[in-house]
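Chain by chain, the residues:
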Amino acid sequence: MALVGLLLPLAALAAGPSPEAIAKAKLANEQCFACHSQEGLAHPPQADLDLAKLRGLLVDKPTFEDADHGKFACTKCHNEGYDDFPHEKDAADNTSTCQDCHAKKADKIQAEFDKSVHAKHLADKFSCTTCHDLHSIKVAKNQDGARKIVAQDNRICLGCHDSDQTFARFAPEKKARPPIDEIHDWLPNARTHWKAVRCVECHTPLGGDMLSHEILNKDRAERKCVSCHSADTSLKVRLYRHLAKQEQEKLGFMNSVVLSENYVIGATRNLALDSVMIGLVALTLLGVLVHAALRVLMHTLRRRKKDD
């Protein structure tokens with residue numbers, strides 16, 4: 001009984017907050033959005049707000065509520081020093097870190113990041129929030145389409161590598177932004193690829209129970225087209241992993257995920273449909289052969305009858 005009593009709260013934690021807890025958090029967050037929203041900026045609830053500072057601290061309410069962290073109260077992370085207004089001067093220093101909730105994953109991610117090309121020159125400039133906006137991020141398994149996953153994840157990479165201004169904020173001094181179009185000129189229709197698949201499909205090692213944070217440099221990145229464009233496409237365990245699982249459970253196969261989002265040559269085979277088509281071709285060929293045989297037989301019979 002003691003073991004059962006221990007497992008029940010753990011199971012509830014793994015399942016996430018209850019609908020009641022989410023509703024309670026949403027109600028509590030209204031106090032924060034009274035200021036930290038476009039509505040709060042346009043109609044400040046207090047006369048002494050520093051609107052110039054507030055303008056840089058706005059959060060889009062619908063986006064946040066749809067995000068993974070939108071199920072929790074703002075004070076889950078913004079805790080000490082945020083209870084009263086004006087907030088304590090050192091309140092931001094006391095904000096909870098990602099490790100406070102994701103300690104096990106954080107240790108694994110840190111080990112991967114330490115081997116990443118980013119860690120070589122930029123370790124002191126990178127944190128989780130450098131890439132992940134905690135007010136909008138949704139992990140792949142919580143997205144409802146590959147296009148949304150790609151758009152979110154590539155916005156992180158291209159937001160820096162496709163912008164001189166952003167790149168300069170993190171790059172070593174005097175390092176110019178690499179010309180990504182020239183670097184990827186071996187890839188046909190590179191920009192179109194970036195709308196359909198993530199940069200990390202090629203720039204992270206394959207394997208593991210979650211996407212690796214070991215970003216590979218261009219010398220180690222995947223350059224073989226068949227890695228994606230084959231029946232055994234690596235996208236099954238990358239971009240389509242969670243979507244494929246959902247479709248497999250719902251329909252018994254994953255082809256609808258690929259066909260409805262992107263076309264991957266060689267990866268969209270349906271063996272049952274293949275068998276039906278082969279059967280139809282075989283029946284058509286058999287029908288032609290039978291028809292030809294009957295024609296020959298009838299012609300032979302007519303000639304014999306005429307000769308008789």
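Residues numbered from 1 in each chain as written. Predicted model: local features only at pLDDT ≥ 70, side-chain atom pairs only at ≥ 80, totals over all residues. Heavy atoms only, no water.

**What to know about the side chain of Glu214**
(1) Moving on: Structurally, Glu214 can be placed in the loop between helix 14 (200-203) and helix 15 (241-251).
(2) Moving on: Judged by relative accessible area, Glu214 falls into the buried class, the value being 9%.
(3) Moving on: In this structure the side chain of Glu214 is engaged in a polar contact, spanning 3.4 Å, whose partner is the side chain of Arg220.
(4) Moving on: Those residues within four positions of Glu214 in sequence are excluded, and the remaining contacts are Glu112, Lys115, Ser116, His203, Thr204, Pro205 and Arg220. (Helix = DSSP H or I, 4+ residues; strand = E, 2+ residues; numbered from the N terminus. Buried < 20%, exposed > 50% of the residue type's maximum accessible area, 1.4 Å probe, protein only. Polar contact = N/O pair within 3.5 Å; in protein donor to acceptor, adjacent residues only side chain to side chain. Contact = heavy atoms within 4.5 Å.)

**Considering the packing of aromatic side chains**
(1) Moving on: Per the stated rule, a full pass over the model turns up three aromatic pairs.
(2) Moving on: Judged by centre distance (6.0 Å) and plane angle (55 degrees), the ring pair of Phe33 and Phe64 falls under tilted. On the criterion of sequence distance, the pair formed by Phe33 in helix 2 (residues 19-33) and Phe64 in helix 5 (residues 61-66) is long-range, its members being 31 residues apart.
(3) Moving on: Under the relative-accessibility criterion, Phe33 is labelled buried at 8%. (Phe/Tyr/Trp six-rings, centres within 6.5 Å; stacked < 30°, edge-to-face > 60°.)

**Here's the deal with unusual backbone geometry**
(1) Moving on: For Lys174, which is not a glycine, the phi torsion comes out positive at approximately 70 degrees.
(2) Moving on: When you line up the elements, Lys174 lands in the loop between helix 11 (164-170) and helix 12 (180-183).
(3) Moving on: With relative accessibility at 80%, the residue Lys174 sits in the exposed group.
(4) Moving on: In this model, Asn189 sits at a positive phi of 50 degrees, which is unusual for a non-glycine residue.
(5) Moving on: Using a relative accessible area of 59% as the deciding quantity, one classes Asn189 as exposed.

**Let's talk about the layout of surface pockets**
(1) Moving on: The calculated volume of the second largest pocket comes to roughly 270 Å³.
(2) Moving on: Lining the second largest pocket are 13 residues, and of these Cys131, Asp133, Ser136, Arg155 and Ile156 sit closest to its centre.
(3) Moving on: Listing elements by their share of the lining of the second largest pocket, those giving two or more residues are helix 9 (128-131), helix 10 (146-161) and helix 11. (1 Å grid on protein atoms, 1.4 Å probe; cavity = no way out; pocket = protein on both sides within 12 Å on 5 of 7 lines; lining within 4 Å. Points joined across faces, edges and corners; volume = space filled by probe spheres on them.)

**Re a nonpolar patch on the surface**
(1) Moving on: Taken together, the side chains of Leu273, Val276, Met277, Leu280, Leu283, Leu286, Val290, Leu294, Leu297, Met298 and Leu301 make up a nonpolar region of the molecular surface, amounting to roughly 1000 Å² of accessible area.
(2) Moving on: Inspection of the secondary structure assignment puts Val276 in helix 17 (residues 271-307).
(3) Moving on: Residue classification places Val276 among the partly exposed positions, given a relative accessible area of 47%. (Patch = residues over 30% accessible without salt bridge, like charges linked within 9 Å, V, L, I, M, F, W, Y side chains within 5 Å. Areas by Shrake-Rupley, 256 points an atom, 1.4 Å probe, with all protein chains shown as cover. Salt bridge = Lys/Arg side-chain N within 4 Å of Asp/Glu carboxyl O.)

**Section: the nonpolar core**
(1) Moving on: Of all hydrophobic cores here, the largest spans nine residues; its members are Ala146, Ile149, Val150, Val197, Cys228, Leu235, Leu239, Tyr240 and Leu243.
(2) Moving on: For this core, the element with the highest residue contribution is helix 10, accounting for three residues.
(3) Moving on: Not counting residues up to four positions away in its chain, the partners in contact with Ile149 are Ala140, Gln143, Arg198, Leu239 and Leu243. (Core = buried A, V, L, I, M, F, W, Y, C linked by side-chain atoms within 4.5 Å.)

**A short note on the pattern of salt bridges**
(1) Moving on: Scanning all chains against the criterion turns up eleven salt bridges.
(2) Moving on: The closest approach of N and O atoms between Arg198 and Asp153, which form a salt bridge, is 3.0 Å. Of the two residues, Arg198 sits in the loop between helix 13 (190-196) and helix 14 while Asp153 sits in helix 10, which places them 45 residues apart along the sequence. As far as burial versus exposure is concerned, Arg198 and Asp153 are alike and both buried.
(3) Moving on: Its salt-bridge partner being Arg177, residue Asp164 comes within 2.7 Å of it at the nearest N-O pair.

**Some remarks on helix 2**
(1) Moving on: For helix 2, built from 15 residues, the straight-helix expectation of 21 Å at 1.5 Å per residue is met to within 8% by its first-to-last C-alpha distance of 20 Å.
(2) Moving on: Among the residues of helix 2, Ala25, Asn29 and Phe33 are the ones counted as buried.
(3) Moving on: Contacts from the buried residues of helix 2 go to helix 3 (38-42) and helix 5. (Expected span 1.5 Å × (residues − 1).)

**Side note on a negative patch on the surface**
(1) Moving on: Taken together, the side chains of Glu80, Asp83, Asp84, Glu88, Asp90 and Asp93 make up a negatively charged region of the molecular surface.
(2) Moving on: The residue Glu80 is located in the loop between helix 5 and helix 6 (98-101) in this model. (Lys, Arg positive; Asp, Glu negative; His and termini not counted. Charge placed at Lys NZ, Arg CZ, Asp CG, Glu CD.)

**Thoughts on the confidence of the model for the protein**
(1) Moving on: Looking at the protein, pLDDT values average 84 and 86% of them are 70 or higher.
(2) Moving on: Counting contacts from residues 1-13, a segment whose pLDDT is below 50, to residues more than four positions away or on other chains yields zero contacts. (pLDDT = per-residue confidence, 0-100.)

**Quick notes on the environment of Ser234**
(1) Moving on: The residue Ser234 is located in the loop between helix 14 and helix 15 in this model.
(2) Moving on: Beyond its immediate stretch of four places on either side in the chain, Ser234 contacts Leu206, Ser227 and Cys228.

**Describing the environment of Cys77**
(1) Moving on: As for its position among the elements, Cys77 is in the loop between helix 5 and helix 6.
(2) Moving on: With relative accessibility at 30%, the residue Cys77 sits in the partly exposed group.
(3) Moving on: In the structure, Cys77 is positioned 21 residues away from Cys98 in sequence and 8.8 Å away in space, judged by C-alpha atoms.

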